[in-house]
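# Coordinate analysis (summary)
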Amino acid sequence: MTMVMPSFSVVRGRLPALALFSCSLIAGLSFVGHSMAGVLNLPQAYALALERDATLRAARAGATAANEQLPQAVGQWRPNVSLSASRFNNNLLREPTSTLTTPTPEQYASYNQTLSLRQPVLRKPLWDNLTQARFRVEDAQAGLDREVQNLSVRLVGAYLENLLSQDQLALVQVQHKLITSQLDAAQKSFAAGSGIRTDIDEAQARLDLNKAQTVEAKLQVEMTLRQLEAIINQPVERLAPLKASHLLGLKLEDRSLADWIALAEAQSPEIKSMQARLEVARLEIAKAQGAHLPTLDAIAQVMRSGSENVLALNSNYTNRLIGLQLNLPLYSGGLVDSSVRQAVASFEQAQEQLEATRRDLGVRVHREYRGIVEGPLRIKAQEQALVSADQWVISSQRSYQAGNRTVIDVLNAEQQRQVVLRDLMQARYLLFLSKVKLVSLAGLDVTPLLSDGSSPAE
């Protein structure tokens, strides 16, 4: 998830106490639980995404298509029944060998009707193909499960990006009020003869910069909202804020890093998909080798014909046969040997891809696990930093009133406080996202994480 980090500027002049109090509440704006009309909460967004996300719908269709490979493979073992019929009008010209006899034209009709049944009895490649179909179905199902898990991560990431952009916009708007107040104070001081023109110019410059930052922040809110709308395929006015109790209080089952990695390797859809592909590649070797083996089919046939040739004019025949047909490949120009070598190389490729996926999965699980373990510590440190920043602002204001600090000192303290607020919000969001990612990587159900993650929406 990309976190946009805006630069917060400072202002000159006295900071009103009410503005300071309002700014101190910004850190909790995203965590207040209340009802808002026209607001979409996280569980509702997830339910809509499961139904409407185009990527997931494509994965479902792909899994449905892949499932048809199994009945197709089974169908190759079932009897093959065919019916063929033909009828021709023949125009025959008999040319005698003697020059004393003239050619005799003759016209007659001929026909042929054949009903045949072929039942495979011994075909090893067909058996391998049937087993392959089962693994391809497993691969498709694992791919669908992987897309469901990816959807939860994509949705939560987009949801949190929008909330963070809203928080950043709120901070910029609060800063606008502070700068405006500072500019007004500087103008009044200058008019009274106690201020300097530099204070006014600096405050005006910071106000102009703040306007540009406000435009950028509003654009970020709109773009992150459009990103979420693309997932759920529905217009959204506003997202419900997440509850702090849910973000910080939700505990995962106590497992060590090794346990999480073992769980991920056992249940991850990515691993299951690669394992199924490995089995398909292994069976492809057996299929290629089976091209050397004989095949045996049972055949039953009924054929009716009439006037099939000039020697049997006006004759009707009915021929019934039943028996076995054996086919023994002898030589195919090296095609079979080449196919075996190709299948062996593909199998080795699948093995290495499985190993690469397993290693990469372990790295990702490790990263998210560390994020969950260190997240609360980071949040606690940020909360303590916020307390210190609040005290710094208060002390700077009192020192400014006593003449020991300048306006710049006060504004620098406020800027540092706003940076801490931003970092605190981001730390809370990233902790929640790490939980969703870890559960997803382990192949577990993410629904409990999302069920109560937001304030109720009317």
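Note that the coordinates shown come from a computational prediction; the quantities given were computed from them, not determined experimentally. (Residues numbered from 1 in each chain as written. Predicted model: local features only at pLDDT ≥ 70, side-chain atom pairs only at ≥ 80, totals over all residues. Heavy atoms only, no water.)

### Details of the pattern of salt bridges
- Following the criterion strictly, the structure yields 21 salt bridges and no others.
- Of the charged contacts in the structure, one is a salt bridge between Arg364 and Asp360, with a shortest N-O distance of 2.9 Å. A residue pair is termed a helical-turn pair when its members lie 3 or 4 positions apart in one helix, as Arg364 and Asp360 do in helix H10 (residues 335–402) at four residues.
- Here Arg370 makes a salt bridge to Glu374, at a shortest N to O gap of 2.8 Å. Of the two residues, Arg370 and Glu374 both sit in helix H10, four residues apart, roughly one turn of that helix.
- Among the ionic contacts, a cluster of salt bridges with common partners joins Arg118, Arg123 and Asp297. (Salt bridge = Lys/Arg side-chain N within 4 Å of Asp/Glu carboxyl O. Helix = DSSP H or I, 4+ residues; strand = E, 2+ residues; numbered from the N terminus.)

### Comments concerning the environment of His366
- Here His366 lies in helix H10.
- Judged by its relative accessible area of 38%, His366 is partly exposed.
- Spatially, the C-alpha atom of His366 lies 6.8 Å from that of Leu257, the residues being 109 residues apart in sequence. (Buried < 20%, exposed > 50% of the residue type's maximum accessible area, 1.4 Å probe, protein only.)

### Side note on the nonpolar core
- With 48 residues, the main nonpolar core has Leu155, Tyr159, Leu160, Ile232, Leu239, Phe432 and Leu450 as its most contacted residues.
- Those elements giving two or more residues to this core turn out to be strand E1 (39–40), helix H2 (42–52), helix H3 (54–67), helix H5 (124–192), helix H6 (197–232), H10, helix H11 (407–441) and helix H12 (447–451). (Core = buried A, V, L, I, M, F, W, Y, C linked by side-chain atoms within 4.5 Å.)

### Re the environment of Gln119
- Along the chain, Gln119 falls in strand E3 (residues 104–122).
- Discounting residues that sit within four places of it in the chain, Gln119 has contacts with Trp77, Arg78, Pro79, Asp297 and Ala298.
- Among the polar contacts listed, one links the side chain of Gln119 to the backbone oxygen of Trp77, at a separation of 2.7 Å. (Contact = heavy atoms within 4.5 Å. Polar contact = N/O pair within 3.5 Å; in protein donor to acceptor, adjacent residues only side chain to side chain.)

### Describing the packing of helix H8 (residues 257–267) against helix H9 (residues 269–290)
- Viewed as axis vectors pointing N to C, H8 and H9 meet at an angle of 45 degrees, and their least axial separation amounts to 5 Å. By the angle between their axes, H8 is oblique relative to H9. Contact residues: H8 offers Ala264, Glu265, Ala266 and Gln267, while H9 offers Pro269, Ile271 and Lys272.
- A class-by-class count of the residues in the contact of H8 with H9 yields four nonpolar, one polar and two charged. (Axes fitted to C-alpha atoms, helices over the stretch in contact; angles between N-to-C directions. Parallel < 35°, antiparallel > 145°, perpendicular 65-115°, else oblique. Nonpolar A, V, L, I, M, F, W, Y, C, P; charged D, E, K, R; others polar.)

### So, the packing of aromatic side chains
- Scanning the entire structure with this criterion turns up one aromatic pair.
- For the pair Trp77 and Trp127, a centre-to-centre distance of 6.4 Å together with 75 degrees between the ring planes defines the contact as edge-to-face. With Trp77 in the loop between helix H4 (69–75) and strand E2 (80–94) and Trp127 in helix H5, this residue pair connects regions lying 50 residues apart in the sequence.
- Judged by relative accessible area, Trp77 falls into the partly exposed class, the value being 22%.
- Residue placement shows Arg255 over the ring face of Trp260; its charged tip is 5.1 Å from the ring centre. (Phe/Tyr/Trp six-rings, centres within 6.5 Å; stacked < 30°, edge-to-face > 60°. Lys NZ or Arg CZ within 6 Å of the ring centre and 35° of its normal.)

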